[in-house]
Amino acid sequence: MTDPAPAPATPLARPRELLRRVPGNLELWANLFILGWAVAFMLWQGAGFAITLVTVFGIWAILTVSLNLVVGYTGLLSVGHIAFFGIGAYAMAILTSDAAYEQLRTETIPTFGWPFFAALPVSVALAGLVALAVGVAFNRFRDDIYVLVSFGLAIIAYSVFLNWRGLTRGAFGIHEIPRPVIGGFVFDGDLEFLLLVLVCLAIVATIGWYLVTSSFGRVLTAIREDEGAIEVFGYRSTHYKLAVWVISAMMAGLAGGLFASWASFIDPNSFILLESILLVSIVILGGLATIWGSLLGAMAFVLLEEGMRFLPFLPNQFVGQAQQVVLGIMLVLLMLFRPQGLVGRFKL
């Protein structure tokens, strides 16, 4: 005798089921908490601060999405991604700025005076070309060795930024980096530049989503799980790893170009190894192998970084150290209780 077929679910069954799952749904609570925190913080500080906060978030979010393609989806733990961010920033600064007023005090550097929208594709392409050159060598390594060689990439990039003074002005940095101009319209206002950053973020997130939901993305995930097995089926994993590495670097170069124009000043201290480690931490915090997790992690990091400046009991000179301590504690707790991050799919 066969069991009777289950009765069809009533229209109220699904809402009730969702309500039962809400108390234990960490992803939902993480989303609500961070987004609510962001809205409350921006309302508290006012419109001007909110624009700055979202601009910084947009630049870090582009960086985080780019790195998550490599770390989260492909399983390649790279701590050298900040190098491509710096390459994009320095390319933008050198091509667009006019540092003639500094040449009496320091080395003469080449100036080109290019418009922003002509220099930005060059910044992106240059980061991609450098990634292609080093990626050919990186494809020979895996696991712990890959981490070490990416560590070396970050150190080499910082040394170049600091010591090639004839091109980068070394520790003096490059000043007076202009804002974008289209025709007679200048993105000199914070709101106008914010809209540009959000458009770039939307493009990067769309490209990232398209990549990871396509057959290309499924191969990347397979490489993460078992690279040897995917090669048995005829896929050249080295080609896929090199492709995602170059795409990721170009996204980081885009973020670097935006950062240089927004800050109007860069120096090597913006691209130290610590920044790269923070970037990896943001990816882990938001969640591996999820575009939304990258955005959520970037927002949480920016809120943490900026919010701690307003704590009345914390002296200004200790804000940086306190930020690192709190972020470190958060990562330790995540590794203990939720190693896949806030909304991630895989464990590191």
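Here the residue index of a chain counts from 1 through its sequence in written order. Predicted model: local features are reported for residues with pLDDT of at least 70 only, side-chain atom pairs are reported and counted for 80 or more only, and whole-chain, interface and lining totals are derived from all residues. Note that the side-chain values use all heavy atoms of the structure and ignore hydrogens as well as water.

**Student:** If you had to explain the overall build of the protein to someone new, which residues and values would you point to?
**Tutor:** The way it works is that DSSP assigns letters per residue, a run of H or I at least four long becomes a helix, a run of E at least two long becomes a strand, and they are numbered from the N terminus. Helices and strands together make up the secondary structure of the protein, namely 14 helices and two strands. Throughout, exposure labels follow a simple rule: accessible area from a 1.4 Å probe, protein chains only, divided by the maximum for the residue type, with under 20% read as buried, over 50% as exposed, and the rest as partly exposed. Counting over 348 residues, the protein shows a buried share of 50%. Pairs at least 24 apart in sequence give 77% of the contacts found in the protein among residues at least 6 apart. When the accessible area of the protein is evaluated, it comes to approximately 17200 Å², of which 68% is carbon and sulfur surface. Contacts are assigned to residue pairs with any non-hydrogen atoms lying within 4.5 Å of each other. Computed with a 1.4 Å probe, the accessible areas rest on the Shrake-Rupley method; for each residue, only the protein chains presented here act as cover.

**Student:** Now, about the pattern of salt bridges: what can you tell me, with residues and values included?
**Tutor:** One side-chain nitrogen of Lys or Arg within 4 Å of one carboxyl oxygen of Asp or Glu is enough to make a salt bridge. Using the criterion set out here, one finds three salt bridges in the structure. Between Lys-241 and Glu-227 there is a salt bridge, with the nearest N and O atoms lying 3.1 Å from each other. With Lys-241 in helix H11 (residues 237-263) and Glu-227 in helix H10 (residues 227-232), this residue pair connects regions lying 14 residues apart in the sequence. What makes Glu-227 buried here is its relative accessible area of 11%.

**Student:** Requested: an account of the packing of aromatic side chains, with residues and values cited.
**Tutor:** We call Phe, Tyr and Trp rings a pair once their centres come within 6.5 Å, taking the six-membered ring for Trp, and we label the pair stacked below 30 degrees between planes, edge-to-face above 60, and tilted otherwise. This structure, assessed with the given rule, holds 16 aromatic pairs. With 5.5 Å between their ring centres and 35° between their planes, Phe-216 and Tyr-240 make a pair best called tilted. Separated by 24 residues along the polypeptide, Phe-216 in helix H9 (residues 215-225) and Tyr-240 in helix H11 bring together distant segments of the chain. Following the ring pairs from residue to residue traces out a cluster consisting of Phe-85, Tyr-90, Phe-161, Phe-259 and Phe-271.

**Student:** A description of the nonpolar core should follow, citing residues and the corresponding values.
**Tutor:** For this analysis, a nonpolar core means a set of buried residues of the types Ala, Val, Leu, Ile, Met, Phe, Trp, Tyr and Cys, connected via side-chain atoms within 4.5 Å. Phe-57, Trp-60, Phe-84, Trp-245, Leu-258, Ile-266 and Phe-271 are the most contacted members of the largest nonpolar core, which has 106 residues in total. With 17 residues, helix H3 (residues 47-73) is the single largest residue contributor to this core. The residues contacting Phe-271, other than those within four sequence positions of it, are Ile-82, Phe-85, Gly-86, Ala-89, Tyr-90, Tyr-158, Phe-161, Phe-259 and Ile-266.

**Student:** Could you give an account of helix H8 (residues 190-213), naming the residues involved and the relevant values?
**Tutor:** Counted at 1.5 Å a residue, the expected span for H8 with its 24 residues is 34 Å, and the 34 Å between its end C-alpha atoms agrees. Among the residues of H8, Phe-193, Leu-194, Leu-196, Val-197, Cys-200, Leu-201, Val-204, Ala-205, Gly-208, Leu-211 and Val-212 are the ones counted as buried. Turning to H8, the residues buried within the fold contact H3, helix H5 (116-138), H9, H11 and helix H13 (291-307). By this rule the span expected of a helix is its residue count minus one, scaled by 1.5 Å.

**Student:** Which residues make up unusual backbone geometry, and what values do they have?
**Tutor:** One non-glycine residue with positive phi stands out, namely Arg-169, at about 65°. By the element assignment, Arg-169 lies in the loop between helix H7 (165-168) and strand S1 (181-182). Positioned with a positive phi, Ala-289 is a non-glycine residue whose angle comes to about 60°. Assignment of secondary structure puts Ala-289 in the loop between helix H12 (273-286) and H13.

**Student:** Explain the confidence of the model for the protein residue by residue, including any values.
**Tutor:** On average, residues of the protein score 85 in pLDDT, and 89% of them are at 70 or above. In predicted models, pLDDT denotes the confidence assigned by the predictor to each residue on a 0 to 100 scale. Within the model, pLDDT remains below 50 along residues 9-15, and this stretch shows zero contacts once partners closer than five positions in the same chain are excluded.

**Student:** Outline the side chain of Arg-338, supporting the account with residue identities and numerical values.
**Tutor:** Mapped onto the fold, Arg-338 is located in the segment after helix H14 (319-337). By relative accessible area, Arg-338 is classed as buried at 14%.

**Student:** Requested: an account of the packing of helix H4 (residues 82-96) against H5, with residues and values cited.
**Tutor:** In this description, a line fitted to the C-alpha atoms serves as the axis of each element, helices being fitted only across the stretch in contact, and the angle between N-to-C directions of two axes falls anywhere from 0 to 180 degrees. With their axes 8 Å apart at the nearest point, H4 and H5 run at an angle of 145° to one another. H4 and H5 meet at a crossing whose hand is right-handed. Each of Phe-84, Ile-87, Gly-88, Ala-91, Met-92, Leu-95 and Thr-96 in H4 lies in contact with H5, whose residues at this interface are Phe-116, Ala-119, Leu-120, Val-122, Ser-123, Leu-126, Ala-127, Val-130, Ala-131 and Val-134. Tallied by class, residues from the contact of H4 with H5 come to 14 nonpolar, three polar and no charged. If you view the pair so one helix is near and one far, a crossing is left-handed when the near helix is turned anticlockwise from the far one by less than a right angle, and right-handed when it is turned clockwise. Under the convention adopted here, Pro, Cys and the residues Ala, Val, Leu, Ile, Met, Phe, Trp and Tyr are nonpolar, Asp, Glu, Lys and Arg are charged, and Gly plus all remaining residues are polar.

**Student:** Let's hear about the packing of H3 against H9: which residues, and what values?
**Tutor:** Put simply, H3 and H9 touch, their axes get as near as 8 Å, and they point 50° apart. One finds that H3 runs oblique with respect to H9. For the pair H3 and H9, contact is made by Val-71, Gly-72 and Tyr-73 and by Leu-220, Thr-221 and Arg-224, respectively. Of the residues in the contact of H3 with H9, the class split is three nonpolar, two polar and one charged. Here the angle decides the label: under 35 degrees means roughly parallel, over 145 means roughly antiparallel, 65 to 115 means roughly perpendicular, and every other value means oblique.

**Student:** Tell me about the environment of Gly-88, residues and numbers included.
**Tutor:** Relative to the helices and strands, Gly-88 is located in helix H4. Taking the C-alpha atoms as reference points, Gly-88 and Leu-126, 38 residues apart in sequence, are found 7.2 Å from one another. When residues no more than four places from it in sequence are discounted, the contact partners of Gly-88 are Ser-123, Gly-253, Gly-256 and Gly-257.

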